[in-house]
Amino acid sequence: MRRLGVLTISDILYHFPARYEAEGVAAQSDKLVSGTKVTLYGKLSNLKAKKLWKSRRPATEGWFEDGEGRVKILWFNQPYIAKMAPQDTLVKLTGTVAGKDKPYITNPEIEVASALPAGLFEKARSSKPETLPAGGQGRSSLFPVYPESRGISSKWFYHALQRVFASGIFSRIEDPIPKDIRERYHLPELAAALVWIHAPEKQSHAEAARKRFAFEEIFTIQAAKAQERALNDTQISFPIQDAPALARRFFSSLDFPPTYAQERATSEILNDFEKLHPMARLLEGDVGSGKTLVAAATAYAVVNSRPQGREFGTLQVAYMAPTEILASQHFQSFIEYFADLPINIALITGSGCWKFPSKSAGWRTRSQATAISRAQLLKWVENGEIAMVVGTHALIQKSVRFKHLAYAIVDEQHRFGINQRKALIRRESEAVPHFLSMTATPIPRTFALTLYGDLDLSVLDELPPGRAKVKTQIVTDKSRESAYEIVRRELRAGRQAFVVCPRIEEPDPAKMNALQAKSAKAEAKRLQKDVFPEYKIGLLHGAMVPKEKEGVMRDFASGKIQILVATSVVEVGINVPNATVMMVEGAERFGLAQLHQLRGRIMRSSHPPYCFLLPFASGQISSKRLKALEKSDDGFALAEADLEARGAGDLFGRRQWGISDIGMEALKNPRLIQAAREEAHRLVREGRTLAKYPSLAERIKNVSRELHFE
Ligand code: ADP
Ligand code: MG
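Since the structure is predicted, the reported quantities are computational estimates derived from the model, not experimental observations.

### Quick look at the packing of helix α8 (residues 243-252) against helix α9 (residues 260-273)
For the pair α8 and α9, interaxial distance at closest approach is 10 Å and the crossing angle is 150°. As summarised for this structure, α8 and α9 are arranged roughly antiparallel, according to the angle between their axes. The interaxial crossing formed by α8 with α9 has right-handed handedness. Facing α8, whose interface residues are Ala243, Pro244, Ala247 and Phe251, α9 presents Thr266, Leu270 and Phe273. Partitioning the contact of α8 with α9 into residue classes produces six nonpolar, one polar and no charged.

The structure is reproduced here in structure tokens:
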């Protein structure tokens, strides 16, 4: 139960069925009768290609499991199914039972089943209960099927709920959604909805209940975010003087003009700087859209600002990045951007600290920064001598104290937990810093409005000019050689290539069938020996120590290495404009957002880049996803399409967001999101603590706890 996150009575009530089955139509797998046709939902496991014992004919053998039991399955003459069939996801199986004593199913058809029947939510009618039904006392002909965990079956939940229902709990629970809101959107009240979702008499009741809980979840998140925002707006920040003029000076010092989108985002930020309370803003922009420049222009304004009336000294800026490689690259960028300023810039990472300017002459590069001790850095940050600090997670350690931290920036914010992001601004200073969170993860609009409901949004929807369009292609085994030909041609022209693999090492042979995917180590060896013996190939993965990684990256950046074979550690931020090829092995193993990020690695060059997606075995859903990538290179359009197709679970991983399947479904409905948002903000305007709505305030506490998973 802990694994399912079910710890309280309330958790049981909110553990909703994934779907319903009409009893008698779909058999349960422990009631299989030879000769009958069955439709079952569950998982495939242990699929193996083999030769049949007598005839020596090829076949695939394996198991099918649901919460009630398991049954053997057999496909004659189809050994390849062992490799192709989806394991570890919910599937719908249709086939005929054979065998007397030990039943098994022959040549079944398999389809990937989504947790919710498609379109269920849209169809939901807003029927309103007049009276509470009899409490699900078995009159229902719909049998709820719950998301299960080993040892806890749907039947268990069914019986547990009967007891909860019978305990008279409904007289004691209060609805977190105020009555007027429920009436406005025709939502059933909590008690009725709980009965309807667990023991519906008909499908339309279940649908009305799902709609209600979808609204409740989004509404509660929105209310929690609105509260956070309201709290933010009661706090005081440092005033930034003359910011627009300073930002203009910064832009005019560059060799290229900012894009229109960069200018717009910059002025949105500068606008916030003029207000009394701290900025709380999310900057969303596709890979390569130039978010760093917006951060730099606004940071430039902050470190140059001299507040009047009070002697503040220099205001400070903190810039946090998720990896040492990235932090180091940004340190270099800021050294260049701020070359004309008499300020100190520092880098703090787990493996050391550096400060620039160094005592040596020739002020331009990272290599001229001096290594300093951590103690020294902490001292200079605390007494305000260092104006700009770039760093990794090391930046949020308690020992790092600022004198006047006025502006905190988090790069690639999705790589940090929400608590880590907050830690950057939680300072015991006289004012709360302005906060900018940056991300290249393309987030559908409904997502941003909900999960980042406490932040204002700026979007970079334009790439700097002169970028060549990336050519994306799905490569099958047949066309692999011709893809290698293109790689060879690029390398001959002096350019470089990434090869990304889903794993670091070869899997343990005993578990071979669990995760068949190319490993970076083996692929690097194979490419060096058999495919590209004339080029130098480097290896980069997450299990290497930072020093090794930096070394390999440096060699790749300087061109000593032509092909970099890596795991998805290259996903974030590595800037090698000379690299024009991205090959992704086992492409179906990566999420859409991740593939889009990987492709972003080669979109910085002015030469035409190539992205090759090499699926290991593609099921239907994954090949749809790969085809979408082939067609579009607009991250936001891809995100919207992906949400439309499946509910964004696959895009980001549900758990990461702490949102239920029902909530995910709701995110497809912009009208519901907008309504929930307006209502939540209205209540919070009435009073930030929601004292008038105690049951909502209580519910928010629970939701906030779950959201902080992220
Ligand atoms: P991201 O948004 O992915 O963080 P970066 O900030 O790393 O993108 O910028 C990508 C590249 O584009 C950098 O090399 C940067 O110097 C360059 N760049 C940024 N803005 C412009 C611009 N307005 N014109 C030309 N090049 C730009
Ligand atoms: Mg970036």
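### Some remarks on the pairing of strand β15 (residues 434-439)
Within a regular strand, the side chains alternate between the two sheet faces. Burial analysis of β15 places six of its six residues in the buried class, the great majority of the element. In β15, alternate side chains face the same way, and those of His434, Leu436 and Met438 on one face and Phe435, Ser437 and Thr439 on the other are all buried. With five bridges joining them, strand β8 (residues 280-285) and β15 adopt parallel strand pairing. The residue of β15 that forms the bridge with Arg281 is Leu436. Direction of pairing for strand β14 (residues 405-410) relative to β15: parallel, over a ladder of four bridges. Bridged to Ile409 within β15 is Leu436.

### Considering the nonpolar core
Among the nonpolar cores identified, the biggest contains 86 residues, and Phe215 and Phe219 are the most heavily contacted of them. Residue contributions to this core peak at 12 residues, all from helix α7 (residues 203-232). Apart from residues lying up to four places away in sequence, Phe215 is in contact with Ile177, Ile181, Tyr185, Leu187, Leu672, Ala675 and Ala676. The next biggest cluster of nonpolar side chains, apart from the first, holds 51 residues, and it includes Ala243, Phe250, Phe251 and Ala327.

### A closer look at the site of ligand 1
In the vicinity of ligand 1 there are 17 residues, among which Gln262, Gly288, Lys291, Thr292 and Arg467 approach most closely. In the environment of ligand 1, an oxygen atom lies 2.7 Å from a nitrogen or oxygen atom belonging to the backbone of Gly288. In this structure, an oxygen atom belonging to ligand 1 sits 2.7 Å away from a side-chain N or O atom of Lys291. Burial of ligand 1 by the protein chains amounts to 80% of its free accessible area of 570 Å². Per-element accounting of the shell around ligand 1 gives the leading share, three residues, to helix α10 (residues 291-304). Tallied by class, the residues present in the shell around ligand 1 amount to six nonpolar, seven polar and four charged.

### Description of helix α4 (residues 154-166)
Counted at 1.5 Å a residue, the expected span for α4 with its 13 residues is 18 Å, and the 18 Å between its end C-alpha atoms agrees. Looking at α4, one finds that the buried residues are Ser154, Phe157, Tyr158, Ala160, Leu161, Gln162, Val164 and Phe165. Positioned one or two residues after α4, Gly168 has a phi angle of 80°, which is positive.

### Topic: the environment of Phe157
In this fold, Phe157 is placed in helix α4. A relative accessible area of 0% means that Phe157 is categorised as buried. Sequence separation between Phe157 and Ile12 is 145 residues; the distance between their C-alpha atoms is 7.8 Å. Leaving out residues up to four positions away in the same chain, Phe157 has contacts with Leu4, Val6, His15, Tyr146, Pro147 and Ile152.

### Let's talk about the confidence of the model for the chain
The predicted model of the chain averages 82 in pLDDT, with 85% of residues at 70 or higher. Confidence drops under pLDDT 50 across residues 114-140; counting only partners more than four residues distant or on other chains, this segment forms 56 contacts. The model gives residues 648-655 a pLDDT under 50, and that stretch makes 23 contacts with residues more than four places away or in other chains.

### Considerations on the packing of α8 against α10
Working note: a packed helix pair is described by the angle between its axes plus the distance between those axes. Relative orientation of the contacting elements α8 and α10 amounts to 125°, with a least axis distance of 8 Å. Considering their axes alone, α8 and α10 lie oblique with respect to each other. α8 and α10 meet at a crossing whose hand is right-handed. On the side of α8, the interface is formed by Ala243, Leu246, Ala247, Arg249, Phe250 and Phe251, while α10 contributes Leu293, Ala296, Ala297, Tyr300, Ala301 and Asn304. Considered class by class, the residues forming the contact of α8 with α10 number 10 nonpolar, one polar and one charged.

### Here we look at the sheet that holds strand β22 (residues 610-614)
Strands sit in the order β17-β22-β21-β18-β20-β19 across an open sheet of six strands; the sheet is parallel. One side of each edge strand has no neighbouring strand; the edge strands of this open sheet are β17 (471-474) and β19 (537-540). If you compare each strand with its neighbour and ignore which way they point, the axes differ by 15° on average. Direction of pairing for strand β18 (residues 496-500) relative to strand β21 (residues 579-585): parallel, over a ladder of five bridges. Note on β21: the bridge partner recorded for Ala497 is Val581. Docked against the sheet, helix α16 (residues 520-531) engages β18, β19, β20 (563-566) and β21, running at close to 180° with respect to β19. On the sheet, helix α18 (residues 592-600) packs against β17, β18, β21 and β22 and is oriented at approximately 155° with respect to β21.

### Quick word on the environment of Leu540
Within the secondary structure, Leu540 sits in strand β19. For the pair Leu540 and Leu564, spaced 24 residues apart in sequence, the C-alpha separation works out to 7.1 Å.

### Structural notes on the sheet that holds strand β10 (residues 344-349)
Taken in spatial order, the nine strands of this open sheet run β12-β11-β10-β13-β9-β14-β15-β8-β16, and their pairing is mixed. At either margin of the open sheet sits one strand with a lone partner, and together these are β12 (370-372) and β16 (456-460). Averaged over neighbouring strand pairs, the angle between their axes works out to 20° when direction is ignored. Examined bridge by bridge, β10 and strand β11 (residues 352-356) share five bridges and lie antiparallel to one another. Following the sheet pairing, Thr349 is matched in β11 by Gly352.

### A look at the pattern of salt bridges
Scanning all chains against the criterion turns up 34 salt bridges. Put simply, Lys179 and Glu183 hold a salt bridge, and the shortest N to O gap is 3.3 Å. With a gap of four residues between them, Lys179 and Glu183 both fall in helix α5 (residues 179-184), about one helical turn apart. For Lys179, a relative accessible area of 54% puts it in the exposed group. A salt bridge links Arg699 to Glu216; the shortest N-O distance between them is 2.9 Å. Residue Arg699 is located in helix α25 (residues 694-707), and its partner Glu216 is located in helix α7; the two are separated by 483 residues in the primary sequence. Residue classification places Arg699 among the buried positions, given a relative accessible area of 18%.

Criteria and thresholds
- Residues numbered from 1 in each chain as written.
- Chains lettered and ligands numbered in written order.
- Predicted model: local features only at pLDDT ≥ 70, side-chain atom pairs only at ≥ 80, totals over all residues.
- Heavy atoms only, no water.
- Axes fitted to C-alpha atoms, helices over the stretch in contact; angles between N-to-C directions.
- Helix = DSSP H or I, 4+ residues; strand = E, 2+ residues; numbered from the N terminus.
- Parallel < 35°, antiparallel > 145°, perpendicular 65-115°, else oblique.
- Left-handed = near helix turned anticlockwise from the far one by under 90°.
- Contact = heavy atoms within 4.5 Å.
- Nonpolar A, V, L, I, M, F, W, Y, C, P; charged D, E, K, R; others polar.
- Buried < 20%, exposed > 50% of the residue type's maximum accessible area, 1.4 Å probe, protein only.
- Pairing = 2+ DSSP bridges.
- Core = buried A, V, L, I, M, F, W, Y, C linked by side-chain atoms within 4.5 Å.
- Near = heavy atom within 4 Å.
- Polar contact = N/O pair within 3.5 Å; in protein donor to acceptor, adjacent residues only side chain to side chain.
- Areas by Shrake-Rupley, 256 points an atom, 1.4 Å probe, with all protein chains shown as cover.
- Expected span 1.5 Å × (residues − 1).
- pLDDT = per-residue confidence, 0-100.
- Salt bridge = Lys/Arg side-chain N within 4 Å of Asp/Glu carboxyl O.

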